Amino acid sequence: MSHTAVVLAAGKGTRMKSDLPKVMHTVAGRTMLDWVLDAVIATGPSRVLVVVGHEADQVIDSLPDGVESCLQAEQHGTGHAVSVALDHLAFLTGDVLVVPGDTPLIDGATLNRLLAIHRADANATTILSAIADDPHGYGRIVRDEAGDVAGIVEQRDASDAVDEITEINAGMYVFDARELVEDLGALQANNAQSEYYLTDVVAAVVARGHSAGAVVAESVAVMGVNTHRHLAEAAALRRIRINDELMDAGVNMQDPSTVYVDHGVVVEPGASLRPNVHLTSGTVVEAGAVVGPDVSADASTIRANARVWYAVLRSAKVGPEAEVGPYVSLRPEAELSEGSKAGTFVEIKKSVIGRGAKVPHLAYIGDTSVGDRANIGAGTITVNYNGFEKFRTEIGQDVKIGSDTMLVAPVTIGDRAMTAAGSVITEDVEPDAMAFGRARQVNKPGLAARLWARYRGDSGQ
Ligand code: UD1
Ligand code: CA
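This section reports on the structure supplied with the text. (Residues numbered from 1 in each chain as written. Chains lettered and ligands numbered in written order. Predicted model: local features only at pLDDT ≥ 70, side-chain atom pairs only at ≥ 80, totals over all residues. Heavy atoms only, no water.)

1. A short note on the nonpolar core
Turning to step 1, where the next piece is worked out: Membership of the largest hydrophobic core comes to 61 residues, with the highest contact counts inside it found for Val 267, Leu 330 and Ile 413.
Turning to step 2, where the next piece is worked out: The dominant element in this core, judged by the number of residues it contributes, is helix 8 (residues 228-249), at four residues.
Turning to step 3, where the next piece is worked out: Each of domain 1 (3-217) and domain 2 (253-435) accounts for three or more of the residues forming this core.
Turning to step 4, where the next piece is worked out: For Ile 413, the contacting residues outside a window of four places in its chain are Glu 394, Ile 395, Gly 396, Val 399, Ile 401, Leu 407, Ile 425 and Val 429.
Turning to step 5, where the next piece is worked out: By size, the runner-up hydrophobic cluster in this structure holds 34 residues, among which are Ala 5, Leu 37, Ala 39 and Ile 106. (Core = buried A, V, L, I, M, F, W, Y, C linked by side-chain atoms within 4.5 Å. Buried < 20%, exposed > 50% of the residue type's maximum accessible area, 1.4 Å probe, protein only. Helix = DSSP H or I, 4+ residues; strand = E, 2+ residues; numbered from the N terminus. Domains from an automatic or database assignment. Contact = heavy atoms within 4.5 Å.)

The following block contains the structure:
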């Protein structure tokens with residue numbers, strides 16, 4: 001039997017003190033809502049409905065295909081939010097799974113267990129609960145002398161006795177749709193926040209003589225995020241999970257506590273991540289690559305056996321066996337071919353560096369193609385921008401660009417050609433030629449000595 005899923009995401013998240021709707025805050029590179037939707041979709045619901053309200057358009061735009069939304073224009077509490085959802089779903093029957101949008105550590109297995117136990121026990125309502133080390137802030141599960149669930153009391157409405165209870169409400173439940181419609185209709189907002197609490201449905205179910213069950217989950221899995229402190233805590237927990245999975249699969253990490261791998265990043269078994277590595281959306285690290293210390297890579301590919309350290313990569317490609325760093329900036333469309341090198345203090349943008357080619361020191365390479373095995377001397381700059389337009393530089397195979405060469409684009413350097421150190425190259429250089437683009441040196445014998453004498457009053461010897 002399938003079920004309908006309702007995800008609550010209309011709240012402003014006042015405690016975040018942020019313009020961003022709470023569920024749009026990210027954990028490991030993806031919104032809290034996306035993490036929740038993943039877990040919900042893993043339960044195989046017939047429909048998924050997200051209740052949106054605060055900054056609704058932004059939340060709706062983020063929804064994956066197949067997920068519906070409905071608007072809770074004013075947010076009068078979680079009970080009100082579910083009423084709006086049920087109005088939208090009209091004449092719904094069967095089980096309704098309700099999940100808040102601010103629990104980014106929830107997983108499909110936990111929700112599946114909630115659904116399975118709900119069905120097996122034939123309860124009217126089943127709550128997901130957890131035993132928390134620090135239950136403060138959560139609603140608490142109140143049980144009767146027999147240990148059966150009697151209701152849920154919110155933190156703000158808790159007596160001292162209730163405050164002692166460590167079993168918290170995860171805010172995730174399975175309800176019978178038809179009964180839920182009735183119970184929601186009878187909710188009152190006479191509580192500390194003057195809101196319609198979904199939690200009050202539980203006591204109503206019990207008062208009608210029906211049973212309410214609770215499935216105890218791991219407290220980490222159901223953690224709710226209401227503040228930036230919670231968000232950082234959730235991100236740290238998610239990170240531990242991601243890193244543990246990678247290490248179990250064969251990725252080496254010297255210090256996983258400093259390794260940040262976002263959702264959607266691929267790190268192949270046999271890769272090694274050194275301390276202070278940040279890999280964000282779309283990045284791929286292949287087997288045998290050694291990345292770090294101190295690498296930030298976004299939407300970039302680091303191929304097998306490459307070595308990258310102290311570097312920032314944005315939409316860049318590092319080929320197999322290539323070497324990058326230390327202190328390198330690879331900007332969008334920088335592409336290093338197999339066995340090539342970008343060394344100390346080098347910036348590369350929208351350029352292909354050929355196989356085995358080297359840019360070892362202090363260079364800017366932009367809008368350029370560098371041929372195989374070419375060597376770019378220290379201090380070389382491709383002068384690609386005249387202040388208005390960008391132009392390309394073409395450097396052939398086996399070229400040797402002398403140190404401190406300015407390659408004023410558009411310019412082409414033929415295969416095997418060389419440029420003299422300190423040259424300003426404004427014209428194309430044919431293959432096998434050597435280009436000098438600098439003033440000839442003039443030595444004036446004795447001039448230095450005369451200057452010493454003039455300024456120091458002695459011979460300068
Ligand atoms: C809620 C529960 C609490 C539980 C905790 C678990 C209630 C009354 N309390 O408290 O028992 O321990 O979650 O994390 O349900 N939302 C709407 N519309 C609204 C109000 C809220 O869509 O009118 C959404 C929020 O965007 C959020 C979710 O519902 O995603 C939970 O709301 P929140 O205000 O965070 O509830 P808590 O105080 O955490
Ligand atoms: Ca919450």
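That shown, we press on.
2. Observations regarding the environment of Val 216
Turning to step 1, where the next piece is worked out: Mapping Val 216 onto the fold places it in strand 11 (residues 212-217).
Turning to step 2, where the next piece is worked out: Of the residues examined, Val 216 reaches a relative accessible area of 39% and is grouped as partly exposed.
Turning to step 3, where the next piece is worked out: Residues Val 216 and Gly 185 lie 31 residues apart in sequence; the distance between their C-alpha atoms is 28 Å.

3. Structural notes on the packing of helix 6 (residues 177-185) against helix 7 (residues 200-207)
Turning to step 1, where the next piece is worked out: Two elements in contact, helix 6 and helix 7, have axes whose closest approach is 10 Å; the angle formed by their N-to-C orientations is 110°. When the axes of helix 6 and helix 7 are compared, the pair comes out roughly perpendicular. Residues Leu 180, Asp 183 and Leu 184 of helix 6 form the contact with helix 7, whose own contacting residues are Val 201, Ala 204 and Val 205.
Turning to step 2, where the next piece is worked out: For the contact of helix 6 with helix 7, a count of residues per class yields five nonpolar, no polar and one charged. (Axes fitted to C-alpha atoms, helices over the stretch in contact; angles between N-to-C directions. Parallel < 35°, antiparallel > 145°, perpendicular 65-115°, else oblique. Nonpolar A, V, L, I, M, F, W, Y, C, P; charged D, E, K, R; others polar.)

4. Focus: the coordination of the calcium ion (ligand 2)
Turning to step 1, where the next piece is worked out: Listed as protein donors to the calcium ion (ligand 2) are Asp 102 (OD) and Asn 226 (OD1); their distances from the metal cover 2.3 to 2.5 Å. Of the two residues, Asp 102 sits in the loop between strand 6 (95-100) and helix 4 (108-121) while Asn 226 sits in the loop between strand 11 and helix 8, which places them 124 residues apart along the sequence. Note on accessibility: Asp 102 and Asn 226 belong to one class, buried. (Donors = N, O, S within 2.8 Å, 3.2 Å for Na, K, Ca; no water.)

5. Remarks on the layout of surface pockets
Turning to step 1, where the next piece is worked out: Of the volumes computed, that of the largest pocket is approximately 1600 Å³.
Turning to step 2, where the next piece is worked out: Only strand 1 (3-9), helix 3 (78-89), strand 10 (167-176) and helix 8 provide two or more residues apiece to the lining of the largest pocket.
Turning to step 3, where the next piece is worked out: Among the elements that take part in the lining of the largest pocket, strand 10 stands out by supplying five residues, more than any other.
Turning to step 4, where the next piece is worked out: Tallied by class, residues from the lining of the largest pocket come to 17 nonpolar, 22 polar and eleven charged.
Turning to step 5, where the next piece is worked out: Of the pockets and cavities examined, the second largest pocket occupies roughly 200 Å³.
Turning to step 6, where the next piece is worked out: Lining the second largest pocket are 13 residues, with Ile 242, Glu 245, Leu 246, His 263 and Val 265 sitting closest to its centre.
Turning to step 7, where the next piece is worked out: Of all elements in the fold, only helix 8 and strand 14 (266-267) reach the threshold of two or more residues within the lining of the second largest pocket.
Turning to step 8, where the next piece is worked out: When residues of the lining of the second largest pocket are assigned to their parent elements, the largest contribution, five residues, is made by helix 8. (1 Å grid on protein atoms, 1.4 Å probe; cavity = no way out; pocket = protein on both sides within 12 Å on 5 of 7 lines; lining within 4 Å. Points joined across faces, edges and corners; volume = space filled by probe spheres on them.)

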